[in-house]
Amino acid sequence: MKVYISADIEGVTGTVSWEDTGGSGADYGTYREQMTAEVAAACEGTLNAGADEVWVKDSHGAGRNLLPAKLPKEVKLIRGRRGHPFMMVEGLDGSFDALMMVGFHSRAGSDANPLAHTVSGSASHIRINDRYASEMLMHTYAAATVSVPLVFLSGDQGLCDDVASLNPNIGTVAVKEGVGELAITIHPELAVERIREGAEAAIEGDPSACAIELPDHFEVEVRYKEHMTARRMSFYPGASLKEPFVLRFETDDYFEVLRLLMFVL
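Residues numbered from 1 in each chain as written. Predicted model: local features only at pLDDT ≥ 70, side-chain atom pairs only at ≥ 80, totals over all residues. Heavy atoms only, no water.

Asks: What exactly am I supposed to notice about the overall build of the protein chain here?
Replies: A tally of regular secondary structure across the protein chain gives six helices and twelve strands. Expected size for 265 residues packed as a compact globule is a radius of gyration near 18 Å; at 17 Å, the protein chain falls within 12% of this value. Counting only C-alpha atoms and orienting by the principal axes, one finds that the protein chain spans roughly 50 × 40 × 30 Å. For the protein chain, the residues scored as buried account for 52% of the 265 residues in total. (Helix = DSSP H or I, 4+ residues; strand = E, 2+ residues; numbered from the N terminus. Rg over C-alpha atoms; globule rule 2.2 N^0.38 Å. Buried < 20%, exposed > 50% of the residue type's maximum accessible area, 1.4 Å probe, protein only.)

And the structure:
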C-alpha cells in the first residue's frame, strides 16, 4: 500500500496564534517540533499497519516546516512548492491507495479554531455547491479526481465534525477545540499516541469505505473581506461578480475549481 500524508500546522496540538505557525514567532520552534512529532506518528502508524511506501507533503506556508531527520527513515518528504493547482496534495496521483491529513484546521468563517481560514486570509467564506469549503474539503475533492480516498485526519474538533458529515468512515483525531481566541487542547504526547493509533487503524481498515462521490457540477462562491479584492478577482476567466463582496464561478471540471482557487485566494 502506498500512502500520501499532507501536513499543516494550524490544527496541530497547542497552536493558537499566527506567531505559533511560522516566521520569527517566539514559539514557532516548539510547534514545528510538535507538527513533526504528529506527522511522524501518522507515518509510524501507517508503516505499522503494513504500508509499503509513505510520502509526506509539508503543506504549511512555504513547505519548509517539518524536521526531516525526525521522520521515519522509510518516508519520502516533499518540501517547498511548485505552484500546481493540487496545492496541499501536490504529487498525489492514482498510484496512491490512501490520503491522510495531519494538523488540518477549520474553514474560513468558522469559530472552531482561532486560526480558521481557507488557503489565505482574504476570504470570509468559500462555498462549493452546498458546502462551506475548508482546505480539507478542497483537497479531499482533489484526491477524489484521481480515485484516492481520505482515510484519516487530525486537527480541531470542528473540522473532525465536518469530516464525519462528509463520510463517517473516515478516521479522525481531535487534538483541540477552539473557543474564541483560545483553544482547549489535549496533551501533546497524548495527541501523538492517538494519531499513531488512528493512522494504524485507518490503514488496517477498508480505504474504499472512505471514498466520496464528486458532484457532477460545481458552483463556487468566494466571499471576500474586502470588496475591492472581489472586483479584482472577478477578472479571472469565467468568474463574475455576484455582488460587491462575492465572486461566482461554475464548471463541470473540479480541476478548474482548483485552478481558480489557486489564483483568487
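Asks: Teacher, can you tell me more about empty space enclosed by the protein here?
Replies: Left-over empty space is what a probe sized like a water molecule reveals as it rolls over the atoms. With the rule as written, the count across this model stands at one cavity of 30 Å³ or more. Counted as a void, the largest cavity has a volume near 30 Å³. Within the lining of the largest cavity, the residues separate by chemical class into two nonpolar, four polar and three charged. (1 Å grid on protein atoms, 1.4 Å probe; cavity = no way out; pocket = protein on both sides within 12 Å on 5 of 7 lines; lining within 4 Å. Points joined across faces, edges and corners; volume = space filled by probe spheres on them. Nonpolar A, V, L, I, M, F, W, Y, C, P; charged D, E, K, R; others polar.)

Asks: So what exactly am I meant to see when it comes to the layout of surface pockets here?
Replies: Roughly 180 Å³ of internal volume is contained in the largest pocket. Lining the largest pocket are D8, E10, S59, H60, G61, R81, M87, M88, H105, H117, V119 and E135. Classifying every residue of the lining of the largest pocket by side-chain character gives three nonpolar, five polar and four charged.

Asks: Explain the pattern of salt bridges here, please?
Replies: Close approach of charged atoms allows side chains with opposite charge to pair. Within this structure, the stated rule accounts for eight salt bridges. Notably, a salt bridge pairs E44 with R196, separated by 2.9 Å at the nearest N-O pair. Taken together, the residues E44 in helix 1 (residues 28-48) and R196 in helix 4 (residues 188-204) connect sequence positions 152 residues apart. With a relative accessible area of 26%, R196 lands in the partly exposed category. E90 is the partner of R82 in a salt bridge, and the nearest nitrogen-oxygen pair spans 3.7 Å. (Salt bridge = Lys/Arg side-chain N within 4 Å of Asp/Glu carboxyl O.)

Asks: Can you walk me through a negative patch on the surface in this structure?
Replies: A cluster of like negative charges, contributed by E213, D216, D252 and D253, occupies part of the molecular surface. Residue placement: D216 occurs in the loop between helix 4 and strand 10 (218-224). On the basis of relative accessible area, D216 is assigned to the exposed category, the value being 70%. (Patch = residues over 30% accessible without salt bridge, like charges linked within 9 Å, V, L, I, M, F, W, Y side chains within 5 Å. Areas by Shrake-Rupley, 256 points an atom, 1.4 Å probe, with all protein chains shown as cover. Lys, Arg positive; Asp, Glu negative; His and termini not counted. Charge placed at Lys NZ, Arg CZ, Asp CG, Glu CD.)

Asks: I'm lost on the pairing of strand 4 (residues 98-104) in this one. Help?
Replies: Looking along a regular strand, one sees the side chains alternate between the two faces of the sheet. Burial of strand 4 is extensive: seven of the seven residues sit out of reach of the surface. Pairing of strand 1 (residues 2-7) with strand 4 involves five bridges; the strand directions are parallel. Looking at strand 4, one finds that I5 is bridged to M100. Across four bridges, the pairing between strand 4 and strand 7 (residues 150-156) is parallel. Residue pairing for strand 7: L99 is matched across the bridge by L150. (Pairing = 2+ DSSP bridges.)

Asks: Got a minute to help me understand the sheet that holds strand 10 in this structure?
Replies: Hydrogen bonding along the main chain pairs the strands of a sheet, whether they run parallel or antiparallel. Spatially, 6-5-10-12-11 is the arrangement adopted by the five strands of the open sheet, whose pairing is antiparallel. Of all the strands in the sheet, the pair left with one neighbour each is strand 6 (131-132) and strand 11 (240-243). As paired strands, strand 5 (residues 123-128) and strand 10 are joined by five bridges and run antiparallel to one another. Residue pairing across strands places I128 opposite V220, the latter belonging to strand 10.

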